[in-house]
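# Descriptive analysis of the structure
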Amino acid sequence: MTREIPDIVEEVAKKSKVKILFVCLGNICRSPAAEGVMRSLVDEAGLQDRFEIDSAGLYGGHAGDLPDRRMRLHAFQRGYNLVHHSRQVRMSDFDKFDLIVAMDHSNFDRLRGMASTLDDERKVVRMIDFVQGFPQCDCVPDPYYDGAEGFELVLDLLEDGCRNMLKNLMPV
Ligand code: 4NP
């Protein structure tokens, strides 16, 4: 699978404020971890004022919940404190955010299907397209039914992908 940074990223990088929404299914494992990793990189770079970062899930069944205990534990071991409360994606997210970042192909297809304009459709991108290593992975896989190694892989992919995403969104 070839990965390419989506064209829209170059346009978004010109904005004075960049708003990113990370999306997975439950918003209790992958996307709150992505939010935590990206927030930490943005803080390290001193760019807190330029970025707005949030996460949401396509499935609303965990709404209000903190991230899964296993995800919080693995993230904490790498220095990330995940405190997001799960919420479902809403139509107004397409108005508010510049990039809507899907963790897997199902998330991507469902988000693209929700978009009501072509501009909104272009905002929906795949997390894996920002990942430079891990050629064996074609998405950020759902770790919910996996063991510890599934959660570690999610964090490895997110650290790689978020670093590259931030590099491509540096002020121009
Ligand atoms: P996530 O993982 O999409 O990475 O938050 C999941 C969490 C919960 C469920 C599915 C995936 N679930 O079906 O409850």
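Reading the values: rules and limits
- Residues numbered from 1 in each chain as written.
- Predicted model: local features only at pLDDT ≥ 70, side-chain atom pairs only at ≥ 80, totals over all residues.
- Heavy atoms only, no water.
- Salt bridge = Lys/Arg side-chain N within 4 Å of Asp/Glu carboxyl O.
- Helix = DSSP H or I, 4+ residues; strand = E, 2+ residues; numbered from the N terminus.
- Buried < 20%, exposed > 50% of the residue type's maximum accessible area, 1.4 Å probe, protein only.
- Core = buried A, V, L, I, M, F, W, Y, C linked by side-chain atoms within 4.5 Å.
- Contact = heavy atoms within 4.5 Å.
- Pairing = 2+ DSSP bridges.
- Axes fitted to C-alpha atoms, helices over the stretch in contact; angles between N-to-C directions.
- Polar contact = N/O pair within 3.5 Å; in protein donor to acceptor, adjacent residues only side chain to side chain.

This brings us to the pattern of salt bridges. Applying the stated rule across the entire model yields 12 salt bridges. R87 serves as the salt-bridge partner of D54, at 3.1 Å between the closest nitrogen and oxygen. Here D54 is found in strand β2 (residues 51–57), whereas its partner R87 is found in the loop between α3 (69–77) and α4 (92–96), with 33 residues between them in sequence. The pair formed by D54 and R87 is uniform in burial state, with each residue classed as buried. The partner of D68 in a salt bridge is R70, with the nearest N and O atoms 2.9 Å apart. Here the residues in one salt-bridge network are R78, E152, D156 and E159, joined through shared partners.

Below, the discussion takes up the nonpolar core. I20, F22 and L169 are the most contacted members of the largest nonpolar core, which has 42 residues in total. Elements represented by at least two residues in this core include exactly α1 (8–12), β1 (18–24), α2 (30–44), β2, α3, β3 (99–102) and α7 (148–168). With eight residues, α7 is the largest single contributor of residues to this core. In this view, I20 contacts M38, F51, E52, I53, D54, F97, L99, V101, M165 and L169; residues no more than four positions away in its chain are not counted. Counting residues in hydrophobic clusters, the runner-up holds 13 residues, among them V89, F97, I100 and A102.

Let us now look at the pairing of β3. Judged by which residues are buried, β3 turns out to be covered on both faces: L99 and V101 on one side and I100 and A102 on the other are all buried. Pairing of β1 with β3, which is carried by four bridges, proceeds in the parallel orientation. Counted as the bridge partner of V23 is A102 from β3.

On to the sheet that holds β2. Ordered in space as β2-β1-β3-β4, the four strands form an open sheet in which the pairing is parallel. Edge positions in the sheet fall to β2 and β4 (124–126), since each of these pairs with one other strand and no more. Neighbouring strand axes in the sheet, compared pairwise and without regard to direction, differ in orientation by 30° on average. Across the sheet, helix α5 (residues 105–114) lies against β1, β3 and β4, angled at about 170° from β4, the strand it touches most.

Although it is not a glycine, N27 sits at a positive phi angle of roughly 55°. For N27, the position within the fold is in the loop between β1 and α2. The exposure class assigned to N27 is buried, which follows from its relative accessible area of 0%. For F134, which is not a glycine, the phi torsion comes out positive at approximately 55°. Summarising the element assignment, F134 is placed in the loop between β4 and α7.

Quick look at the side chain of R30 now. Here R30 is to be found in helix α2. Within the structure, R30 has its side chain in polar contact with the side chain of D104 (distance 2.9 Å). Ignoring anything within four residues of it in the chain, the contact list for R30 reads C24, L25, M103, D104, N107, V140, P141, D142, P143, V154 and L158.

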